[in-house]
Amino acid sequence: MNGDSPIISINSVSKTFPGGVQAVQNADLEIREGEFFALLGPSGCGKTTLLRILAGFETPSTGDVFIDGKNMHGVAPNRRPVNMVFQSYAVFPHMTVADNVAYGLRVSGTDRGEISGRVKDALELVQLGEYGTRQPGQLSGGQVQRVALARALVKKPRVLLLDEPLSALDAKLRETMQMELVRLQDTVGITFIIVTHDQNEALSMADRIAVMDQGKVLQVAGPGELYEYPRDRFVAEFIGKTNLFEGTNVGWESGMLSLLVNGLGRVELPCAEHLYHDVGLAVRPEKMLLMQERPDHGYLAFEAEVEKIAYYGSESRVFLATDRGLALEVSIRNDTRAAADEQLSGRRWVVWRPEDTLILPD
Amino acid sequence: MKGARRSHGPLDYSRRLWVRITLWLSFAFLYAPIAILVIYSFNDSRRNIVWRGFTLKYYERAWNNDSLIQAFANSLTIAFFSTLFSVLLGMLTAVLLWRFRFPAKAPFEGTVSLPIIIPEICMGVAMMAFFTRIGWPVDLPWPLNLGAITIAHISFSFPFVAMVVRARLARFNREFEEAARDLGASEWQAFRDVLLPYMKPGLIAGALLAFTLSLDDFVITFFTAGPETVTFPVKVYSMVRFSVTPEVNAASTVLLLITLVLTTTAILLQNRSGRD
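Residues numbered from 1 in each chain as written. Chains lettered and ligands numbered in written order. Predicted model: local features only at pLDDT ≥ 70, side-chain atom pairs only at ≥ 80, totals over all residues.

**Examining the interface of chain A and chain B**
Heads up, the rule is: Any pair of residues counts as being in contact when their C-beta atoms, constructed from backbone geometry, are within 7 Å of one another. Put simply, DSSP marks the helices as runs of H or I at least four residues long and the strands as runs of E at least two long, and each gets a number from the N terminus on. Think of it as three bins: nonpolar holds Ala, Val, Leu, Ile, Met, Phe, Trp, Tyr, Cys and Pro, charged holds Asp, Glu, Lys and Arg, and polar takes everything else, Gly as well.
In this assembly, 18 residues from chain A lie in contact with 15 residues from chain B. Within the residue set of the side of chain A that touches chain B, elements represented by two or more residues are β6 (82–85) and α2 (97–107) of chain A. Per-element tally for the side of chain A that touches chain B: the top contributor is α2 of chain A, with three residues. Taken together, the residues of the side of chain A that touches chain B break down into ten nonpolar, six polar and two charged.

**Looking at the nonpolar core**
Put simply, the rule is: Any nonpolar core is a set of buried residues, restricted to Ala, Val, Leu, Ile, Met, Phe, Trp, Tyr and Cys, that join up through C-beta atoms within 7 Å. The exposure scheme places C-beta atoms from the backbone and then counts, for each residue, the other C-beta atoms within 10 Å of its own, assigning buried at 20 or more, exposed at 12 or fewer, and partly exposed in between.
Grouped together as the largest cluster of nonpolar side chains are 148 residues, with contacts concentrated most on Leu54, Val101, Ala150, Leu161 and Ile193 of chain A. Once you skip the residues sitting within four places of it in the chain, Leu54 of chain A turns out to touch Ile8, Val65, Val82, Leu161 and Ile193 of chain A.

**Description of the domain arrangement of chain A**
Residues and elements named next belong to chain A. Heads up, the rule is: The split of the chain into domains comes from an automatic or database domain assignment.
Taken domain by domain, chain A comprises domain 1 (6–238) and domain 2 (243–361). Counting from both sides, the interface comprises six residues of domain 1 and, opposite them, five residues of domain 2. Looking at side-chain class alone, the side of domain 1 that touches domain 2 contains three nonpolar, no polar and three charged residues.

**Some details on the sheet that holds strand β18 (residues 327–333) of chain A**
Residue and element names in this part refer to chain A. Threshold: If DSSP finds at least two bridges between two strands, the strands pair. For helices, the fitted axis covers only the stretch in contact; all axes are lines through C-alpha atoms, and the angles between them, taken along N-to-C directions, range from 0 to 180 degrees.
Here we have five strands laid out as an open sheet, ordered β15-β19-β16-β17-β18, and antiparallel in their pairing. In the strand order of this sheet, the two ends are held by β15 (289–291) and β18, each with one partner. Across the sheet, the mean angle separating the axes of adjacent strands is 45° when strand polarity is ignored. Here strand β16 (residues 300–311) pairs with strand β17 (residues 315–322) via seven bridges, running antiparallel. Opposite Glu305, over in β17, you have Ala321 as the bridge partner.

**Quick word on the packing of α2 of chain A against helix α3 (residues 112–125) of chain A**
Residues and elements named next belong to chain A. What counts is decided by this rule: Relative orientations are named as follows: roughly parallel for angles under 35 degrees, roughly antiparallel for angles over 145 degrees, roughly perpendicular for angles from 65 to 115 degrees, and oblique for any other angle. The crossing is said to be left-handed when, going from far helix to near helix, the turn is anticlockwise and less than a right angle, and right-handed when the turn is clockwise.
The contact between α2 and α3 brings their axes to 9 Å, and the two run at 130°. Of the possible angle classes, the one that applies to α2 and α3 is oblique. The handedness of the crossing between α2 and α3 is right-handed. Two secondary-structure elements touch here, α2 through Ala98, Val101, Ala102, Leu105 and Arg106 and α3 through Ile115, Arg118, Val119, Ala122 and Leu123. Taken together, the residues that form the contact of α2 with α3 break down as eight nonpolar, no polar and two charged.

**A short note on the pairing of strand β9 (residues 208–213) of chain A**
All names here are of chain A. For strand β3 (residues 36–40) and β9, the ladder comprises four bridges, and the chain directions are parallel. Its bridge partner being in β9, Leu39 is matched across the sheet by Ala210. Relative to strand β10 (residues 216–221), β9 is paired through five bridges, and the arrangement is antiparallel. Residue Ala210 lies in a different strand from β10, and its bridge partner there is Val220. Where β9 folds back on β10, the antiparallel hairpin that results is connected by two residues, among which Gln214 adopts a positive phi of roughly 50°.

**Regarding the domain arrangement of chain B**
All names here are of chain B. For chain B, the domain assignment lists domain 1 (3–58) and domain 2 (62–275). Inter-centroid distance (C-alpha atoms) of domain 1 to domain 2 is 32 Å. For the side of domain 1 that touches domain 2, the leading source of residues is helix α2 (residues 17–40), giving three residues. When the residues that make up the side of domain 1 that touches domain 2 are grouped by side-chain class, the tally is four nonpolar, three polar and one charged.

The structure is reproduced here in structure tokens:
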């Protein structure tokens, strides 16, 4: 497995539908061989359109797609080295499980002896070895999904495309299938590209994630980088929870940026770059602490009133408001039973390290 | 309410007297004439006005009536070919309307279903005028002489097939077809392996519908039939003009039976197609 060579290159691809809707705008992506890649974004952000462009069901209005070094312009879906797991799974209801899995091999003229062996292997890979003779109608949702997976993988594609593969499953099964998909990708070593609107799904499964909104690719990064260093407001807000502040730039001097934040007052932050414009500030709720006393220097600290506490088991989210009406959200770990039992109320100091503040240029 | 009335549940309509009377009256209104037709086909009387005992001899006589059997054979032949072409044309029309966008699609859609709405008498006159105008040959050997009637039948049958098939296609998940393409099928293979099996119940139901429509059509056939190309309904009509013998009843009963069996099959198939 060569970790560097791109198996898929998307070069300034745009897609405008009849009627003027710009589903994808000038997307540039490189997906490496063997990667588990996620396209993440809210519904209507263009992620599914981009996946369908890769599969060949949509033609880009401008730009080029290369798969395995070959330009895919004008290449029909049945001639591309990719296979897809559809959102509805699209397992053929009038064929048995084995016939479904065999279909792709049959239409491409693989000989019979080879088909039965490969179908058997594919079904065993997804742990449906005993289910070959069943009708899809007799299977559960999770099993139907496995059939769809086996049917696509049996073709040994260079890239497997998955369109919201877990959205039809219930919460518990979804978690199991997340681990299952990661294990499966490890086993087969095929590049997986998954489309999802669920940030947890993307963070827990993918090696790299492209965040999309309104047809644009906003940021491509690993899960950790995406969460800790989101490049703009949308990414910061879409991935996880975040406190967003608007800062008015009042000056930069020798590595320190001074800002006036509505509702907080003056904030001083280390900033290597000389900035002249106003910026947004983002702080993750778990990077903040609640304290009785104002800490010594080295921290940013603001006094606020506890308004509401939401209990989530492993953590609690505390909602506070400063005197000047700014809403803050702090998450605290319930790492002891005493912590979970504690009833927070009244005034607290909301404290965080300056370096945990993310500066988002507008 | 009194205790006696409350003894039946709110949905026990059939236990209320007036509901039962309405029910039986409407049944009688609908089916008494047909029941009498069937019963009197077994009547042992030439004039067939009063009941004179059970017999099967008029079935035998109908069987031995060559011109009646010829008419029956004509009807079946026309129905067969009309069904074949209606299903083909109806299926293509349905797929065309479901699948593609093209200029003047809305007017096209409207005109396709027009034969369903146009009064039969107008269709009949129009067909007769049309075939006369283009000089359709009338003295062809059997079964080519049935061509005009068959064409007329196709023209009013295929819209029904198109409607039934299109209703089924409306529920088709395009991802099935895309999955087939994705797995390596050409457009034709995807059509054959995915779309066609999906349409099958609709095609069968449409075929049975087309068959019965053709088999018992009178008005349009009457206008397009020549002396050599009498169909079963037209023949029955001409027999009735002389006298209503049990022979006519017997022949009609057979036609009734065929229509009934085919329609029931069509309904059953449609119900099954609605479920999956």
